[in-house]
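Secondary and tertiary structure notes
Chain by chain, the residues run as shown.
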Amino acid sequence: MRLLEMNHIKKSFDGQEVLKDISIHVDEGEVLSIIGPSGSGKSTMLRCATMLETIDDGAIIYLGDKAAFSKDGHAVYAKAADLKKIHSYYGLVFQNFNLFPHYSVIKNITDAPLRVQKRNKSEVYAEARELLKKMGLEDKENAYPYQLSGGQQQRVSIARALAMKPKILFFDEPTSALDPELTGEILKIIKNLAAEKMTMVIVTHEMNFAKNVSDYVVFMDKGVIVEEGKPEDVFNSENPRMKEFLGKFE
Ligand code: ADP
Ligand code: MG
């Protein structure tokens, strides 16, 4: 089942076109990796998908069980009620964790399900503790972010995103602020989520990970999709820009 379509997205900042007619789609249970040099528009694309940025043109369509929502460039936003629905479709995990520094771990995880989704408190806490266990952090629920390593903070932010029960989880370079050994622990968690068929869109510089875990890979450069397809095809592409980019990782 198709969960998300981004069709012909254009986005400029100060007259500079950062996304030039970008189209992607995400199917349920699939892992889509987005790779490409710094400045190519990867974060902007995720920020548009998650409505942290507006788009200038094109459409972003979240296809749910029954409903489809769209946001066209000029045709502004969905009604507030629909926006709220769209927001609970996805979660976003940032490069720099973005935890609330003044909230404990458990409060970071339970805050949005309680406040935004208005779900039952004991149920939300029980699920949060399950998620912490899954992340290997069952003894950290009362810790504050500053008391945790980067890898632990990132695991909390993954738990926080999962607590909203998103249909799609977006990651923007989830390991690039981490040391290599901590990178491995986060990649393993994402790999486990992939094995559970969590639908994920991952911007990453971890080429082996993208090659081994993705169902589909998109290579962006200077605001356009230069190459896309199954990992074995994209990573063996003869496209000169693709080859030059991959060459930097050897
Ligand atoms: P990537 O994530 O691939 O490194 P980004 O999407 O962050 O690329 O950035 C793409 C381009 O858009 C860059 O040139 C960047 O400077 C510019 N850009 C991103 N966000 C903004 C913004 N809020 N205002 C102005 N320029 C921006
Ligand atoms: Mg980026």
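Residues numbered from 1 in each chain as written. Chains lettered and ligands numbered in written order. Predicted model: local features only at pLDDT ≥ 70, side-chain atom pairs only at ≥ 80, totals over all residues. Heavy atoms only, no water.

Brief notes about the overall build of the protein
Scanning the protein for helices and strands turns up 9 helices and 10 strands. For the protein, the C-alpha radius of gyration of 18 Å lies close to 18 Å, the compact-globule estimate for 250 residues. Looking at the protein residue by residue over its 250 residues, the buried ones come to 52%. The long-range fraction of contacts in the protein, counting pairs at least 24 apart against all pairs at least 6 apart in sequence, stands at 64%. Counting every atom, the protein has about 12100 Å² of accessible surface; 49% of that belongs to carbon and sulfur. Across the protein, the centroid of the 33 positively charged side chains sits 6 Å from that of the 36 negatively charged ones. (Helix = DSSP H or I, 4+ residues; strand = E, 2+ residues; numbered from the N terminus. Rg over C-alpha atoms; globule rule 2.2 N^0.38 Å. Buried < 20%, exposed > 50% of the residue type's maximum accessible area, 1.4 Å probe, protein only. Contact = heavy atoms within 4.5 Å. Areas by Shrake-Rupley, 256 points an atom, 1.4 Å probe, with all protein chains shown as cover. Lys, Arg positive; Asp, Glu negative; His and termini not counted. Charge placed at Lys NZ, Arg CZ, Asp CG, Glu CD.)

Quick notes on the confidence of the model for the protein
Looking at the protein, pLDDT values average 90 and 92% of them are 70 or higher. When the criterion is pLDDT under 50, residues 65–70 qualifies, and its contacts beyond four places in sequence or with other chains add up to 17 contacts. Counting interchain partners and residues more than four positions distant, the pLDDT-below-50 stretch residues 72–77 has 10 contacts. Across the interface, the model reports ipTM at 0.98; the global pTM reads 0.93. (pLDDT = per-residue confidence, 0-100.)

Some remarks on the environment of Ile189
When you line up the elements, Ile189 lands in helix H6 (residues 180–195). Along the primary structure Ile189 and Gly39 are separated by 150 residues, whereas in three dimensions their C-alpha atoms are 27 Å apart. Beyond its immediate chain neighbours, meaning those up to four positions away, Ile189 contacts Met135, Arg155 and Ile158.

Here we look at the nonpolar core
Grouped burial of nonpolar side chains is what soluble globular proteins tend to show. Ranked by internal contacts, the top residues of the largest apolar core, which has 35 residues, are Ile109, Ile158, Leu162, Leu169, Phe171, Leu193 and Met200. Broken down by secondary-structure element, the contributors of at least two residues to this core are helix H3 (105–115), helix H4 (121–134), helix H5 (150–162), strand E7 (168–172), H6, strand E8 (199–203) and helix H7 (207–213). The biggest single contributor to this core is H6, with 7 residues. The contact partners of Leu193, leaving out residues within four places of it in the chain, are Lys134, Ile158, Leu162, Leu169, Phe171, Met198 and Met200. (Core = buried A, V, L, I, M, F, W, Y, C linked by side-chain atoms within 4.5 Å.)

A closer look at the sheet that holds E8
Here 6 strands make up an open sheet; going across it, the order is E6-E7-E8-E3-E9-E10 and the pairing mixed. Sheet topology places strand E6 (90–93) and strand E10 (224–229) at the edges, where each strand pairs with a single neighbour. In this sheet, neighbouring strand axes are inclined to one another by 15 degrees on average, regardless of whether the strands run parallel or antiparallel. Relative to the sheet, helix H1 (residues 42–49) contacts strand E3 (31–35), E6, E7, E8 and strand E9 (216–221), its axis offset from that of E7 by approximately 150 degrees. (Pairing = 2+ DSSP bridges. Axes fitted to C-alpha atoms, helices over the stretch in contact; angles between N-to-C directions.)

Comments concerning the site of ligand 1
Contacts to ligand 1 come from Phe13, Val18, Pro37, Ser38, Gly39, Ser40, Gly41, Lys42, Ser43 and Thr44. Within the backbone of Ser40, an N or O atom sits 3.1 Å from an oxygen atom of ligand 1. Against a free-state accessible area of 560 Å², the protein chains account for coverage of 62% of ligand 1. Counting residues per element, the shell around ligand 1 draws most heavily on H1, at 3 residues. (Near = heavy atom within 4 Å. Polar contact = N/O pair within 3.5 Å; in protein donor to acceptor, adjacent residues only side chain to side chain.)

Re the pattern of salt bridges
For the coordinates displayed, the defined rule picks out 14 salt bridges. The shortest N-O distance in the salt bridge between Glu141 and Arg129 comes to 2.8 Å. Of the two residues, Glu141 sits in the loop between H4 and H5 while Arg129 sits in helix H4, which places them 12 residues apart along the sequence. Taking relative accessible area as the criterion, Arg129 reaches 39% and is therefore assigned partly exposed. Salt-bridge contacts for Glu185 lead to Arg155; the nearest nitrogen and oxygen are separated by 3.0 Å. (Salt bridge = Lys/Arg side-chain N within 4 Å of Asp/Glu carboxyl O.)

A word on the pairing of strand E2 (residues 16–27)
In terms of strand pairing, strand E1 (residues 2–13) meets E2 through 9 bridges, oriented antiparallel. What sits directly across from Ser12, in E2, is Glu17. If you look at the hairpin formed by E1 and E2, you'll find 2 residues sitting between the two strands, and Asp14 has a positive phi there, around 50 degrees.

As for the environment of Thr199
Relative to the helices and strands, Thr199 is located in strand E8. Residues Thr199 and Lys188 lie 11 residues apart in sequence; the distance between their C-alpha atoms is 16 Å. If sequence neighbours within four positions are ignored, Thr199 has contacts with Leu3, Val26, Asp27, Glu28, Gly29, Glu30, Lys167, Ile168 and Leu169.

Observations concerning the packing of aromatic side chains
Under the criterion given, the structure shown has 6 aromatic pairs. Pairing Tyr90 with Phe170 gives two aromatic rings, centres 6.0 Å apart and planes at 75 degrees, and the pair type is edge-to-face. Taken as a pair, Tyr90 in strand E6 and Phe170 in strand E7 lie far apart in primary sequence, 80 residues in all. Like Phe170, Tyr90 is buried. Taken together, the aromatic side chains of Tyr62, Tyr89, Tyr90 and Phe170 make up a single cluster linked through ring pairs. One cation-aromatic arrangement involves Arg160 over Phe100; the distance from NZ or CZ to the ring centre is 5.1 Å. (Phe/Tyr/Trp six-rings, centres within 6.5 Å; stacked < 30°, edge-to-face > 60°. Lys NZ or Arg CZ within 6 Å of the ring centre and 35° of its normal.)

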